[in-house]
Amino acid sequence: MDETNPLEQALHAARAMVLADLAARDVADADVVSLVEDAVTHRRWWVEQWPDGAAFVTGLVAQDVQDALLERYGRWPLCPVCDAGDPHALEVDPELGADPRWVCTKAGAVVAPVGSLR
């Protein structure tokens, strides 16, 4: 694995940003970190097939981890904007694009860039 390879750099950045968000919400235990590693491994193949998609890999890893958490643990990250109604998760926007951010689609609010949850 070549750490200077731009694709590897994109994958390492994606891992770091998603782990930062998990840690910010106090859910970065060993099982969850394994989910991140699985997502990065899956997206490594994807970005090797489509190198122009390197700018999109952070949002995709975040969505992959979010989906895996939903299956095993529940919704993540929960929306900090909406006080009323059922708890709901933030969504990654854009779904496939550069500079992904966590948004509340119910309130139409941008909460934070991926990697910057508080």
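Our subject is the structure that appears above.
Computed from a predicted structure; not experimentally measured. (Residues numbered from 1 in each chain as written. Predicted model: local features only at pLDDT ≥ 70, side-chain atom pairs only at ≥ 80, totals over all residues. Heavy atoms only, no water.)

Q: Which parts of the structure should I look at to understand the side chain of T58?
A: Following the sequence through the fold, T58 ends up in helix α3 (residues 57-72). T58 sits in the buried class, given a relative accessible area of 8%. Once residues within four sequence positions are removed from consideration, T58 is found in contact with A14, M17, V18, P100 and V114. (Helix = DSSP H or I, 4+ residues; strand = E, 2+ residues; numbered from the N terminus. Buried < 20%, exposed > 50% of the residue type's maximum accessible area, 1.4 Å probe, protein only. Contact = heavy atoms within 4.5 Å.)

Q: What's the story with the pattern of salt bridges in this structure? I'm lost.
A: Side-chain pairs of opposite charge can arise whenever the charged atoms involved come near each other. Taken as a whole, this structure holds four salt bridges when the rule is applied. Between R101 and D93 there is a salt bridge whose closest N-O contact spans 2.7 Å. By relative accessible area, R101 is classed as partly exposed at 30%. (Salt bridge = Lys/Arg side-chain N within 4 Å of Asp/Glu carboxyl O.)

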